[in-house]
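Coordinate inspection notes
Residues per chain are reported as follows:
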Amino acid sequence: MPPQDDLRSLAHARLVRHRVLAAQAVPLPRDVLAVLVNDPSRSVRRVLAARTDVDAWDLLRPLANDPDLRTRQTLAANPSCPADLLLTLVDDPHGSVRWDLPAHPRADRRVRRKIIESPDEDLRRLLAAQETLDRDTTEQLLLDPSEEVRESLAAHTPFPDVLARLLTSQSALVRAGVAQNPRTTPDQRHTLTRDRSARVRATLLKFVELDDEDLRLLAKDRSPNVRWWLATWPTTPREILEILLQDPNEEIFRQANATLRHHHS
């Protein structure tokens, strides 16, 4: 690292590349950081936003409202960015900044609560997809008005009681989310195999391993779409494919035949 006097000179240098060198210095003194955070060059500010070794995050608060999108994106992706700055980024006008926040390692309950209150449905959906959610956040997402958010929660929640409650949802989309969750019990999968929505039944066979009884039932499903997916799926057992070879739908017959031949190749 250059001597501190040289570093301060670099921070005020006319050439951007010199100020970038100052921004990359380890360690970076507070007074130099305070100068560089307001640097007119976005290249300098982007370097600061990417640093994971900064102690003086209070000085970097302006970066959360930086006019340069790339700077804010870099800050949101920085695993060391503290929750206080993440709270500001939840309100960022650009989705590419906001959407990094649900999975951020520093996103605490305050950040999650603010995401839940956000009008950005995609942001809430990404939060619901996090498998490390605390119970309080999960309970709040259960009440989300968006079916897409609750579907995401259903597909990823590790809480058995939450999964059971979502299984009884009136929304076929939410139940299809449950069908994606590998934590469903055999009894729940048995129930989903008999779901009134073909979408749910088709989703189920794509995401989880079903027992022979359930597969035989799906091979006789009233929905051609469900039977077609079963005929297509590479893990469908030979016994089930042979049932589908008797299907009155010619397209399903052809697909089952092709999958069966592939099993032997």
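The structure this text deals with has already been given above.
Nothing here was measured: the structure is a model prediction, and the numbers come from that model.

What follows covers the overall build of the protein chain. When helices and strands are counted, the protein chain shows 19 helices and zero strands. Relative to the globule expectation of 18 Å for 265 residues, the C-alpha radius of gyration of the protein chain, 26 Å, shows a markedly less compact shape. Along the first, second and third principal axes, the C-alpha atoms of the protein chain reach 85 × 45 × 25 Å. A total of 265 residues make up the protein chain; the buried ones form 49% of that total. Sequence separation of 24 or more characterises 44% of the internal contacts of the protein chain that already satisfy a separation of 6 or more. When the accessible surface of the protein chain is summed, it comes to about 13,400 Å², and 51% of that surface belongs to carbon and sulfur atoms. Counting 39 positive and 40 negative side-chain charges, the protein chain places the centres of these two groups 3 Å from one another.

It is worth spelling out the side chain of Asp134 at this point. Relative to the helices and strands, Asp134 resides in the loop between helix H9 (121–128) and helix H10 (135–142). A relative accessible area of 13% places Asp134 in the buried class. Within polar-contact distance, the side chain of Asp134 engages the side chain of Arg112 at 3.1 Å. At 3.2 Å, the side chain of Asp134 forms a polar contact with the backbone nitrogen of Asp136. Not counting residues within four places of it along the chain, the set of residues in contact with Asp134 comprises Arg109, Arg112 and Phe159.

Look at H10 against helix H12 (residues 160–167): their axes get within 11 Å of each other, and the N-to-C directions meet at 5°. The pairing of H10 with H12 is recorded here as roughly parallel in orientation. Contacts from Arg135, Thr138, Glu139 and Leu142 of H10 reach H12 at Asp161, Val162, Arg165 and Leu166. Residues belonging to the contact of H10 with H12 are distributed by class as follows: three nonpolar, one polar and four charged.

Within H9, the full set of buried residues consists of Leu123, Arg124, Leu127 and Ala128. Down the axis of H9, the buried side of the element spans an arc of 140°, and every buried residue falls inside it. Where H9 begins, the capping side chain belongs to Asp120, and its oxygen is found 3.0 Å from the backbone nitrogen of Asp122.

A few words now on the packing of helix H15 (residues 198–207) against helix H17 (residues 224–232). Geometry of a packed helix pair, given as the angle between the helix axes and the separation of the axes. With their axes 9 Å apart at the nearest point, H15 and H17 run at an angle of 10° to one another. By the angle class used here, H15 and H17 are roughly parallel. For the pair H15 and H17, contact is made by Ala198, Arg201, Ala202, Leu205 and Lys206 and by Asn225, Val226, Trp229 and Leu230, respectively. Considering only residue class, the contact of H15 with H17 consists of six nonpolar, one polar and two charged.

Applying the stated criterion across every chain, the model contains two aromatic pairs. Measuring from centroid to centroid gives 5.2 Å for Trp228 and Trp229, while their planes differ by 80°, and the two rings are edge-to-face. Residue classification places Trp229 among the partly exposed positions, given a relative accessible area of 22%. One aromatic cluster in this structure is built from Trp228, Trp229 and Trp233. Over the ring of Phe159 we find Arg135, and its NZ or CZ is 4.3 Å from the ring centre. Lying across the ring of Trp229, Lys206 places its NZ or CZ 3.9 Å from the centre.

The next point concerns helix H8 (residues 109–116). For H8, the full list of buried residues reads Val111, Arg112, Ile115 and Ile116. Down the axis of H8, the smallest arc covering the buried residues is 140°, so these residues share one side. Of the surrounding elements, those touching the buried residues of H8 are helix H6 (83–89), H9 and H10.

As a further point, take the nonpolar core. In terms of nonpolar packing, the biggest core is built from 76 residues, with Leu36, Leu48, Leu75 and Leu244 touching the most fellow members. Among the elements that make up this core, the one with the highest residue count is H6 (five residues). If sequence neighbours within four positions are ignored, Leu36 has contacts with Ala11, Arg19, Ala22, Ala23, Leu28, Val44, Arg45 and Leu48.

So, on to the side chain of Thr203. Among the structural elements, Thr203 can be located in helix H15. Using a relative accessible area of 11% as the deciding quantity, one classes Thr203 as buried. Non-local contacts of Thr203, meaning those with residues more than four positions away in its chain, are made with Ala176, Ala179 and Gln180.

Conventions we followed
- Residues numbered from 1 in each chain as written.
- Predicted model: local features only at pLDDT ≥ 70, side-chain atom pairs only at ≥ 80, totals over all residues.
- Heavy atoms only, no water.
- Helix = DSSP H or I, 4+ residues; strand = E, 2+ residues; numbered from the N terminus.
- Rg over C-alpha atoms; globule rule 2.2 N^0.38 Å.
- Buried < 20%, exposed > 50% of the residue type's maximum accessible area, 1.4 Å probe, protein only.
- Contact = heavy atoms within 4.5 Å.
- Areas by Shrake-Rupley, 256 points an atom, 1.4 Å probe, with all protein chains shown as cover.
- Lys, Arg positive; Asp, Glu negative; His and termini not counted.
- Charge placed at Lys NZ, Arg CZ, Asp CG, Glu CD.
- Polar contact = N/O pair within 3.5 Å; in protein donor to acceptor, adjacent residues only side chain to side chain.
- Axes fitted to C-alpha atoms, helices over the stretch in contact; angles between N-to-C directions.
- Parallel < 35°, antiparallel > 145°, perpendicular 65-115°, else oblique.
- Nonpolar A, V, L, I, M, F, W, Y, C, P; charged D, E, K, R; others polar.
- Arc of directions from axis to C-beta.
- Phe/Tyr/Trp six-rings, centres within 6.5 Å; stacked < 30°, edge-to-face > 60°.
- Lys NZ or Arg CZ within 6 Å of the ring centre and 35° of its normal.
- Core = buried A, V, L, I, M, F, W, Y, C linked by side-chain atoms within 4.5 Å.

Structural measurements only, silent on function.
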